[in-house]
Amino acid sequence: MKPTARNENLRNIAIIAHVDHGKTTLVDGLFRQSGVFRENQQVSDRVMDNMDLERERGITIAAKNCAVHWKGVKINIIDTPGHADFGGEVERSLTMADGAILLVDASEGPLPQTRFVLKKALDRGLPIIVIVNKIDRADARPEEVLNEVYDLFIDLGADEHQLEFPVLYAIGRDGIAQTSLAERGTDLQPVFEVIVNKLPAPSFDPEAPFQMLVCDLGYSDYLGRLAIGKVVNGEVLASESLACIGPDGTPKPLKVTKLQVYDGVQQVTVDAVEAGDIAVLAGIEDVHIGDTICTRDNPQALPRITVDEPTVSMRFGINTSPLAGREGKLVQAKKIRERLMREALLNVAIRIEEAEDHDSFIVKGRGEFQMAIIIETMRREGFELTVGRPEVIYKKDAKGKVTEPIERVYVDCDETFMGIVTEKLSVRKGRMVNLANNGKGRVRIEFSVPSRGLIGYRDEFLTDTKGTGILNAYLEGYGEYRGDFPSRFTGSIVCDRSGEAVTYALYNLEPRGQLFVVPGDPVYEGMVVGEHSRENDIDVNPTKEKKLTNMRASGKDEACTLTAIKPMTLERAIHFIREDELVEVTPKSLRLRKAVLPAARRHAMRGALKTEE
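The rules behind these values
- Residues numbered from 1 in each chain as written.
- Predicted model: local features only at pLDDT ≥ 70, side-chain atom pairs only at ≥ 80, totals over all residues.
- Heavy atoms only, no water.
- Buried < 20%, exposed > 50% of the residue type's maximum accessible area, 1.4 Å probe, protein only.
- Helix = DSSP H or I, 4+ residues; strand = E, 2+ residues; numbered from the N terminus.
- Pairing = 2+ DSSP bridges.
- Phe/Tyr/Trp six-rings, centres within 6.5 Å; stacked < 30°, edge-to-face > 60°.
- Polar contact = N/O pair within 3.5 Å; in protein donor to acceptor, adjacent residues only side chain to side chain.
- Contact = heavy atoms within 4.5 Å.
- Core = buried A, V, L, I, M, F, W, Y, C linked by side-chain atoms within 4.5 Å.

**Topic: the pairing of strand β37 (residues 590–594)**
In terms of residue burial, β37 counts as a mostly covered element, since five of its five residues are buried. Pairing between strand β34 (residues 527–532) and β37: two bridges, direction antiparallel. Residue V528 lies in a different strand from β37, and its bridge partner there is L592. Direction of pairing for strand β36 (residues 581–585) relative to β37: antiparallel, over a ladder of five bridges. Bridged to E584 within β37 is R591. The hairpin turn running from β36 into β37, its antiparallel successor, is four residues long.

Written as structure tokens, this is what we have:
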């Protein structure tokens, strides 16, 4: 039976934007102007970005919910991440929305990640409101950007109703919105009015029993597991006996200990939740994202959330280096497994598989950036582990041919760097699809590149364009395998014994390449201490001290001054390593190492490989 009623007291909206287009700042403004905070209340900027990593990187990683009230209407706001690697967050958050706001920078226009999330919203048939933000920028071009937005909608196959979207212009930082460029706004009232008047209220079937789709999971130290989702039909009472329908389709009885809804950024306890609202049920232990919670008398399952398949896999394992256990609290394979399984419960885009050796696990996800966030979160929790190089997941098509994930890459750089960017991407089997030169010294180039070609390229790109280039990409789908290419043109400088790095030894190693260690750093056999300037690996002794003699000569006692080294970051480490290398991750350090530590064994394996060839 089709839904026949709407709950006019509610609106559920998702906010879509590219990274750094001002989405979280706009939500802050909506909070302040709807009376969520007291006049004199001290509130930090970017309230919704409450994870440490989100605040440090200035991006949204996890989808989050909040609610504001405007003239008797409750507006549930779902903050979606702007990065394609967190696509699983986007898909599950859009299932709770009945409409969406597309926020676009007045200078940069719609960028690839905007395209990714917008496509998901249009596929679900959601009506869209477009807000052109940052119209106060010196290089703002709102009219051109609006035309680009129309082009994007048409390109993504939007229907006639979706193309007739309302447009607002905003300065999110100042909390101002206006309906035209000519007028000067004073507050965000136009945003609230458009949401209430132009977006539909959630629909439901008045005769259907209670049904709720679990779209997110949370955890409270006091209440245990929390199931978060939209009430699709019916009403739920706090004391009601319910059932949960999992993937197998059999209802399991459960009892809710507490019923909550969002109010501002807080969750408040209520006695009942009506159809269309977003509810938080506490006390349900065995529940997964995509499950349906319904009445025991009339259990009916809703369609499960489906997400795009993972495209990248990484091996997570225990730390087997001689320095294992010195810096982290959690080092056992069992603890790493439990933590990864917990991550898979909360993130529908992640898959975990046990490897053959039982000490490592294969983690599959959307991209290496998503993996880096998981690793960074784990090290902050006190874990020690080793991770391998990201590898793309290949598939076979109907004819038995190998296919690989292909990405559409958008590059914005100065004309002078066009040659080096094109050359580097063509070596990585990239193909130029489009080139636009606006005559102002910068060019926009579109490439079709295999996902494996982008692993490790972003750092190189920033170096090649002297930090002025912008690179964005989104997954186009699977395409024919494009052939092999070298992942790195340089070798590794590998330590051949345990000890501490010494200034004298490092000074003499500097001509061989770029070093990663500083004097006093602990080193061990098989640890990668630098990048060799040639293709082959070399074994060195960074612990060698200067021989002391009683001979005097001019220049003998000159001080050894080392070149400053760039601190190793997690992304840089993951991008740098080859197939036979690992990153050792601890709460305090990041070290690069060979998968096989003893030099003798590595040489024997290399010899055996040559014999086979």
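**Considering the packing of aromatic side chains**
By the definition in use, this model includes six aromatic pairs. Ring plane angle 75° and centroid distance 5.7 Å describe the contact between Y394 and Y481, whose orientation is recorded as edge-to-face. Here Y394 is found in the loop between β24 (391–392) and β25 (395–396), whereas its partner Y481 is found in the loop between β29 (470–480) and β30 (491–495), with 87 residues between them in sequence. On the basis of relative accessibility, which here comes to 40%, the residue Y394 falls in the partly exposed class. Ring centres of Y457 and F461 lie 6.0 Å apart, and the angle between their planes is 50°; on these two criteria the pair is classed as tilted. Pair noted here: Y457 and F461 are both in helix α12 (residues 457–464), with a separation of four residues, about one helical turn. On the basis of relative accessible area, Y457 is assigned to the buried category, the value being 0%. When its relative accessible area of 2% is taken as the criterion, F461 is described as buried.

**A short note on the side chain of R602**
If you trace the backbone, R602 turns up in helix α15 (residues 599–612). Engagement of the side chain of R602 in a polar contact is seen with the backbone oxygen of V596, the distance being 3.2 Å. Those residues in contact with R602 that lie beyond four places of it in its chain are V494, G526, D539, K594, V596 and L597.

**Looking at the nonpolar core**
In terms of nonpolar packing, the biggest core is built from 63 residues, with L102, I128 and F153 touching the most fellow members. Ignoring anything within four residues of it in the chain, the contact list for F153 reads L102, L118, L122, I128, V130, A158, Q162, L163 and F165. Core analysis: the next-biggest nonpolar cluster, separate from the first, contains 29 residues, I375, V583, V585 and L592 among them.

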